[in-house]
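Notes for the structure review
In case you want the letters, here they are:
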Number of protein chains: 2
Amino acid sequence: MANPIDFYFDFSSPYGYLASTRIDEIAARHGRSVVWRPILLGAVFKITGQQPLTTIPLKGSYAKHDLARAGRLFGVPFKMPTRFPIGATAPSRAFYWVRDRDPALAVPLAQALFRAYFAEDRDISNPEVTTNVAAKIGVSREELAQALNDAAVKERLKTEVDAAVERGVFGSPYIIIDNEPFWGADRLDQVEKWLETGGW
Amino acid sequence: MANPIDFYFDFSSPYGYLASTRIDEIAARHGRSVVWRPILLGAVFKITGQQPLTTIPLKGSYAKHDLARAGRLFGVPFKMPTRFPIGATAPSRAFYWVRDRDPALAVPLAQALFRAYFAEDRDISNPEVTTNVAAKIGVSREELAQALNDAAVKERLKTEVDAAVERGVFGSPYIIIDNEPFWGADRLDQVEKWLETGGW
């Protein structure tokens, strides 16, 4: 069995959302599974000195245009959220907590959270919104609400983010195939080609 | 006749070089011509507060890896220049001066300059190197050397850069099809699709 693909993303990243709608099917076409790994880009931006794309002069307004256009091209609902960017602590903690208890629910939860934020303009940085989204797919609202403030759950996310930074992950989406890194939703065609050919 | 496509680039931009190897054939497939428009990104970076990609922590080393990989994918010679980035004043002035006098030589000159810098590691920011490259394709070395210090030629480039900034150009390559902007060599597939479909 070939190694799974690592799919790093920030729940606040619109290009991460776009990639999330395709990564599993791309991997599956080549007999690979995908490990979804939400991270917090805020920690990374401190190292790279970068700012959220949409806040940069000129680049920011282009990015909004590019995202709307890419959303149509991907054929997925996309609306720039009213509040952007957000700190994705709550949804990310929820993801790892759910995955540790019920792995089959983890990706559906991530997809539902991404959709809530980028298609329905719901502020998933609000723990209540995150627990509502999770409850819809069968996660216990009460247990999750409690878990979001649990020290071990906080530590779990921190460990994941630290490991990602250690590995050189600096953006979202960031996809690693057998140690080969690809940054950006616009690298999905290269990801597919790499899987198909084994590299070039 | 459909409008020509505007192809903005900085001679110091490796992704600009990659795009330059394909833009004319992509446009030609859809009955379009291309206006090549060298600019100086330094002026733009002052506005956007950005730095050259390769100098940014984490992102920089990824960029070098990505460029080498993209060069192989594009099937063109590519070697990260020893001196990078450079101020592309000399090659850019040369380009506009040549285009104003002999339009047919302009694109071959741009291609030769890009190749000199990104395939042969020659520092085209040095006016002597630029004039040597130009001489090889039939431009008068003496006249060009003189032109590079001519006030009108300097002003010509400045006007082009100012107009690009005015139009919102902030990166390289930056391609505009009938007012629709595409930033990055990784948007060439969307450029092609836009030409094919008229937009989506």
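Everything quoted here is computed from the prediction, not taken from an experiment.

Conventions we followed
- Throughout, residues of each chain are indexed from 1 in the direction in which the sequence is written.
- Written order determines the labels here, with chains lettered from A and ligands numbered from 1.
- Restriction of local features to residues with pLDDT of at least 70 applies here, the model being predicted, together with a cutoff of 80 or more for giving and counting side-chain atom pairs; totals for whole chains, interfaces and linings are based on all residues.
- Heavy atoms from the whole structure form the basis of all side-chain values; hydrogens and water molecules are not counted.
- A cavity here means a set of 1 Å grid points, computed over protein atoms only, where a 1.4 Å probe fits but cannot escape. A pocket is an open set with protein on both sides within 12 Å along at least 5 of 7 lines, and lining residues have an atom within 4 Å of a point.
- Grid points are joined across faces, edges and corners, and a volume is the space filled by probe spheres set on the points.
- Only DSSP runs of H or I covering at least 4 residues are called helices, and only runs of E covering at least 2 are called strands; the numbering of each starts at the N terminus.
- Any residue outside Ala, Val, Leu, Ile, Met, Phe, Trp, Tyr, Cys, Pro, Asp, Glu, Lys and Arg is labelled polar, Gly included; the first ten of those are nonpolar and the last four are charged.
- Only strands that DSSP links by at least two bridges are regarded as paired with each other.
- Only the stretch in contact is used when fitting a helix axis, every axis being a line fitted to C-alpha atoms; angles between N-to-C directions are given from 0 to 180 degrees.
- Between two residues, a contact is recorded if the distance between any of their heavy atoms is within 4.5 Å.
- Whether two aromatic rings pair depends on their centres lying within 6.5 Å, for rings of Phe, Tyr and Trp, where Trp uses its six-membered ring; planes under 30 degrees apart make the pair stacked, over 60 edge-to-face, and the rest tilted.
- Exposure is judged per residue with a 1.4 Å probe applied to protein chains only, and the accessible area is read against the type maximum: over 50% gives exposed, under 20% gives buried, and values in between give partly exposed.
- Note that the term roughly parallel is reserved for angles under 35 degrees, roughly antiparallel for angles over 145, roughly perpendicular for angles of 65 to 115, and oblique for everything else.
- Fitting of the copies onto one another was done by least squares over C-alpha atoms, counting residues only where both copies have pLDDT of at least 70.

Below, the discussion takes up the layout of surface pockets. There is about 390 Å³ of room inside the second largest pocket. Taken together, 20 residues form the lining of the second largest pocket, with Arg22, Leu73, Phe74 and Ala185 of chain A together with Asp189 of chain B sitting closest to its centre. Within the residue set of the lining of the second largest pocket, elements represented by two or more residues are helix H1 (14-20), helix H2 (23-29), helix H4 (59-74) and helix H10 (188-197) of chain A together with helix H10 (188-197) of chain B. Among the elements that make up the lining of the second largest pocket, the one with the highest residue count is H4 of chain A (four residues). A class-by-class count of the residues in the lining of the second largest pocket yields eight nonpolar, one polar and eleven charged.

Strand order in this open sheet of four strands is E2-E1-E3-E4 (chain B), and the pairing throughout is mixed. Two strands bound the open sheet, and with one partner strand each, they are strand E2 (34-38) and strand E4 (180-183) of chain B. Looking at each pair of strands side by side, their axes are set apart by 20 degrees on average, direction ignored. Where strand E1 (residues 5-9) of chain B and E2 of chain B come together, five bridges link them in parallel fashion. If you follow Phe7 of chain B over to E2 of chain B, its bridge partner there is Trp36 of chain B. Most of the contacts of H4 of chain A go to E4 of chain B, to which it runs at about 100 degrees, and overall it touches strand E3 (174-177) and E4 of chain B.

Scanning all chains against the criterion turns up 40 aromatic pairs over all chains. Aromatic pair Tyr62 of chain A and Phe170 of chain B: ring centres 5.4 Å apart, planes at 65 degrees, arrangement edge-to-face. Taken together, the residues Tyr62 of chain A in helix H4 and Phe170 of chain B in the loop between helix H9 (151-166) and E3 connect one chain to another. One exposure class covers both Tyr62 of chain A and Phe170 of chain B, and it is buried.

All names here are of chain B. Interaxial distance between helix H5 (residues 89-101) and H9 falls to 9 Å at its minimum, and their mutual angle equals 100 degrees. The angle between H5 and H9 falls in the class roughly perpendicular. Packed against H5, whose contacting residues are Thr89, Ser92, Arg93, Tyr96, Trp97, Arg99 and Asp100, the element H9 presents Val153, Lys154, Arg156, Leu157 and Glu160 at the interface.

Moving on to the side chain of Lys59 of chain A. Of note, Lys59 of chain A is situated in helix H4. Not counting residues within four places of it along the chain, the set of residues in contact with Lys59 of chain A comprises Leu53 of chain A together with Gln50, Phe170 and Trp183 of chain B.

Okay, the relation of the copies chain A and chain B next. In screw terms, the move from chain A to chain B is a rotation of 180 degrees and a rise of 0.0 Å along the axis, fitting with an RMSD of 0.0 Å. Here the transformation between the copies is reduced to the relation of a two-fold axis. Within chain A, Asp186 of chain A has its C-alpha nearest the rotation axis, a separation of 3.1 Å.

Our focus in this paragraph is the pairing of E1 of chain B. On a regular strand, each side chain points to the face opposite its neighbour's, so the side chains alternate between the two faces of the sheet. Residues and elements named next belong to chain B. Most of E1 is tucked away: five of the five residues are buried. Side chains of E1 alternate between two faces, with Ile5, Phe7 and Phe9 and Asp6 and Tyr8 buried alike. Relative to E3, E1 is paired through three bridges, and the arrangement is antiparallel. Its bridge partner lying in E3, Phe7 is registered against Ile175.

Once that is clear, we can look at unusual backbone geometry. Residue and element names in this part refer to chain A. At the junction of Ser172 and Pro173, the peptide bond is cis and its omega measures out at -5 degrees in the coordinates. Along the chain, Pro173 turns up in the loop between helix H9 (151-166) and strand E3 (174-177). A positive phi angle is found at Asn179, which is not glycine, with a value near 75 degrees. Mapping Asn179 onto the fold places it in the loop between E3 and strand E4 (180-183).

Honestly, it's all geometry; don't read function into it.
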